[in-house]
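Each chain is listed here by its residues.
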Amino acid sequence: MTDQLSPAERFAASKKRTRLPILEAFRARQRFDLDPYQLAACEVVENGKSVLVAAPTGAGKTVIAEFAIFRAMQTTAEKVFYTAPMKALSNQKFNELVAEYGPDAVGLLTGDTNINSRARIVVMTTEVLRNMLYADSELLRNLSCVIMDEVHYRADRFRGAVWEEVIIHLPQSVRMVSLSATVSNAEEFGDWLQAVRGDTEVIVSEERPVPLDQHILMRTKLIDLFDSSGLAATNRVNPELVQMARYGGRTLSARQMKDVGRYHSRGGRPENQRMDRPDVVKLLDSKNLLPAIFFIFSRVGCDQAVTRVLRAGVRLTTVQERDEIRAIVEERCRTLLDEDLAVLGYWDWLTGLERGVAAHHAGLLPAFKEVVEELFQKKLVKVVFATETLALGINMPARTVVLEKLEKFNGEARVPITPGEYTQLTGRAGRRGIDVEGHSVIQWVDGLDPQAVASLASRRTYPLNSSFKPTYNMAVNLIEQFGRERTREILESSFAQFQADRAVVDLARKVRSQEESLAGYATSMTCHLGDFAEYWSIRRELTDLERKGISNTASRAERDRRQRQVTELRRRMKQHPCHACPEREQHARWAERWWKLKRDTDQLTAQIRTRTGAVAKVFDRVTDVLVQLGYLVAVGSELALNTNGRMLRRIYGERDLLVAESLRRGLWDELDPASIAAMATTLVYEPRREEGQVGERHLPRGRFREAFERTGTLWAELDDLERLHKLPGSQPLSTGLALAMYRWASGTGLDAVLQEADMAAGDFVRWTKQTIDVLDQLSVVAHGEVGRTARTALDAIRRGIVAYSSVA
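In this report, we go over the structure that sits alongside the text.

## As for the overall build of the protein chain
Phase 1: Across its full length, the protein chain carries 34 helices and 19 strands.
Phase 2: Taken over 808 residues, the protein chain has a buried fraction of 50%.
Phase 3: If you take every contact in the protein chain between residues at least 6 apart in sequence, the share linking residues at least 24 apart comes to 74%.

Here it is as structure tokens:
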């Protein structure tokens, strides 16, 4: 290849190698050469700047993160933190980096897991990094770079505040590599990063490295979504598809078209038959379109799909593949207790895996999900039925993605998926270096509009919006470090305020434009006989009064009063000098325009007032609550933390203030380990919409009930106080998992606990790990017996399937 270059090109390449030696060394290690956008981003990193990279799912953004790590590891002491929004992503990235750099070089911190925290590469959740920044942890020394993966996911209302806190508080010397899907406002986000961090470049790529062929499965036929004849624009909908959509999935001859016309005229409807899932799997297999991910927006639907396919006798693996699958599964699950295997549905799950079919959703045990991911990556599992959580960053590319429906249940109603969600889901289709193209298949349903599908597939994706809001813990941490006034300035630098200020700039520009128009209207309605604005206000008041009318139930006195008002306004109007103006109605038309525009301008001005300093206003309300409750005290013109405030500094989570107040008032002093585990669960557990609260007989007995009642009363007091200060308040505590957690902490077996909880093993593990996080904080923050009890409770519930971890 080098021999084919001209002398000038060879000189340019040599010069670049000299200028970017680390990047050239990194490129030499890759299986594929880097794409132009990857090269551009890596060049920014090697030059010591921060970078925001926005590119489609599956486009290889991770390469830039890998280069940032590679660069740091060429030095003797520099450290890199890799943050991900979810523990599943953190675990996967940890395993990948251990394989690359060895176990001594890589650590993992996810709240409930602490492995090799002093390593030079540490994978962590964003919350852990935020807590380290507030605690000024010694682990921050020698930190040169922070990678923030899946930044677009950070708009989540629970995690949203955290990544903004991290970006604002990271030392200025630390470079940032931010990786995002193709959000439509990447440039705006980049502008904010530039304002807050300095020296940040934005690199946007909308090219997929593996092209995507999009199909509709109509009856038994795969039809291209877009016209591929080469005679039309690229995103023109396939005419054959439009015709088939009209006639129930059939391509019709001219004679058949006439027959259909007569059929429709008699009120008939064409039939539309959907292929069953086993048949769809067989069709994809016959067309060499496996491995495939079927996205089904329901866990139950995923499990039922696996059962249905297995019952139909589908077998996608060879004897050798089945032996390899069994060996991997037995190795990965060897630490699970024998008595728990049947409860977890292990044998049915293994049967599906051996035949190349599996489900993937949040209800699965984390260990099972990790095995499914590993087997799919190794091409041993060929079909996965998954919920959309699989689309969030986990490395499971397929040849084909199947969408059975283009709507999902959002907790309240069935809603269409957004262009952003469609892009994220179909981004899994097409494996770089393996597939020439990826495929998406949408299964036809009656009423599906091909044009609507095409627009979903071709629109640019969603904007990244801030969900940042000051919390009690944030307030005390920032005030302790910077004081109140400096904290207000810091909060003004959040992305939330940046977006609000941008909107204010646009609104202010509109107000200025409208004020110029108002001045022109005022000139046009000027009357040589008098003040036409005054005349117009009388006339408008009269018109409004007459239009409003008066209720039939109004008293005689009210009717008389209204009539006197009307009479008086008419008298004033007729006596006004402008009433006699021959051009009165022409002036009136300008006055009407002026009045409508003035009303609109006043509304915009009011919006500007509410948006300016919006984040700082919320911070002020938060500090007012903390002053009233005695966590902050006034020292001259400043605020300072007392003992209570310093305790609150170390309590993180949605219910930080409730936990602090409960400890301060001694509400949990008498609880035993099982009861305090149950209490911690009520702080984190969020019931399904249809659940509601459980009756008293389903609550743990003993001291728990009294402590819970007092905690509930305290929650109501705090909620009232927050609403008084114009803060949003919070949801009541939920007892749905309390008895199950109490029994788990008391040593009850998994089968009985899952029956009591009425939930899948994966859900139970997730809520238990969140409970562990609360107990861990209590064990550190609470004084005396409560702290010791929390530690005992933590050890009691971290057993069995909860203690199991593929990275431990």
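From this point, the discussion proceeds with the structure in view.
## Considering the nonpolar core
Phase 1: Counting residues in hydrophobic clusters, the biggest one holds 130 residues, and the most contacted among them are V329, L353, L626, L663, W668 and L775.
Phase 2: The leading source of residues in this core is helix 32 (residues 761-781), at nine residues.
Phase 3: The residues touching V329, leaving out its near neighbours within four places in the chain, are Y346, W349, L350, L353, V371 and L375.
Phase 4: V51, V53, A105 and I203 belong to the second largest nonpolar core, which has 37 residues in total.

## Observations regarding helix 32
Phase 1: With 21 residues, helix 32 extends 30 Å from end C-alpha to end C-alpha; this agrees with the ideal 30 Å at 1.5 Å per step.
Phase 2: Along helix 32, 16 of the 21 residues are buried, which leaves the element largely enclosed by surrounding structure.

## Some points on the pairing of strand 10 (residues 221-224)
Phase 1: For strand 9 (residues 212-218) and strand 10, the ladder comprises four bridges, and the chain directions are antiparallel. Considered in strand 10, the bridge of H215 is made with D224.
Phase 2: Linking strand 9 to strand 10, which pair antiparallel, is a turn of two residues; within it R219 sits at a positive phi near 55 degrees.

## Thoughts on the packing of aromatic side chains
Phase 1: Applying the stated criterion across every chain, the model contains 19 aromatic pairs.
Phase 2: Aromatic side chains F26 and F70 sit 5.4 Å apart centroid to centroid with 50 degrees between the ring planes, which places their arrangement in the tilted category. Of this pair, F26 sits in helix 2 (residues 21-28) while F70 sits in helix 4 (residues 62-73); the two residues are 44 residues apart in sequence, bridging distant segments of the chain. Accessibility assignment for this pair places F26 and F70 in one class, buried.
Phase 3: Chaining the aromatic ring pairs together yields one cluster made of W163, F189, W192, F495 and F498.
Phase 4: Lying across the ring of F482, R486 places its NZ or CZ 6.0 Å from the centre.
Phase 5: Above the plane of the ring of W744 lies R799, whose end atom (NZ or CZ) is 3.6 Å from the centre.

## Describing the environment of L727
Phase 1: Of note, L727 is situated in the loop between helix 29 (703-724) and helix 30 (738-745).
Phase 2: Of the residues examined, L727 reaches a relative accessible area of 9% and is grouped as buried.
Phase 3: A sequence separation of 102 residues divides L727 from V625, and the C-alpha atoms of the two residues are 9.6 Å apart.
Phase 4: Among all residues touching L727, those that are not within four sequence positions of it are Y472, V618, R621, V622, V625 and E722.

## Some points on helix 15 (residues 346-354)
Phase 1: Those residues of helix 15 that sit buried are Y346, W349, L350, G352, L353 and E354.
Phase 2: On its buried side, helix 15 packs onto helix 12 (299-311), helix 13 (319-332), helix 14 (338-341), strand 12 (357-360) and helix 16 (366-377).
Phase 3: Once helix 15 ends, the next one or two residues include G356, with phi positive near 85 degrees.

Rules behind the numbers
- Residues numbered from 1 in each chain as written.
- Predicted model: local features only at pLDDT ≥ 70, side-chain atom pairs only at ≥ 80, totals over all residues.
- Heavy atoms only, no water.
- Helix = DSSP H or I, 4+ residues; strand = E, 2+ residues; numbered from the N terminus.
- Buried < 20%, exposed > 50% of the residue type's maximum accessible area, 1.4 Å probe, protein only.
- Contact = heavy atoms within 4.5 Å.
- Core = buried A, V, L, I, M, F, W, Y, C linked by side-chain atoms within 4.5 Å.
- Expected span 1.5 Å × (residues − 1).
- Pairing = 2+ DSSP bridges.
- Phe/Tyr/Trp six-rings, centres within 6.5 Å; stacked < 30°, edge-to-face > 60°.
- Lys NZ or Arg CZ within 6 Å of the ring centre and 35° of its normal.

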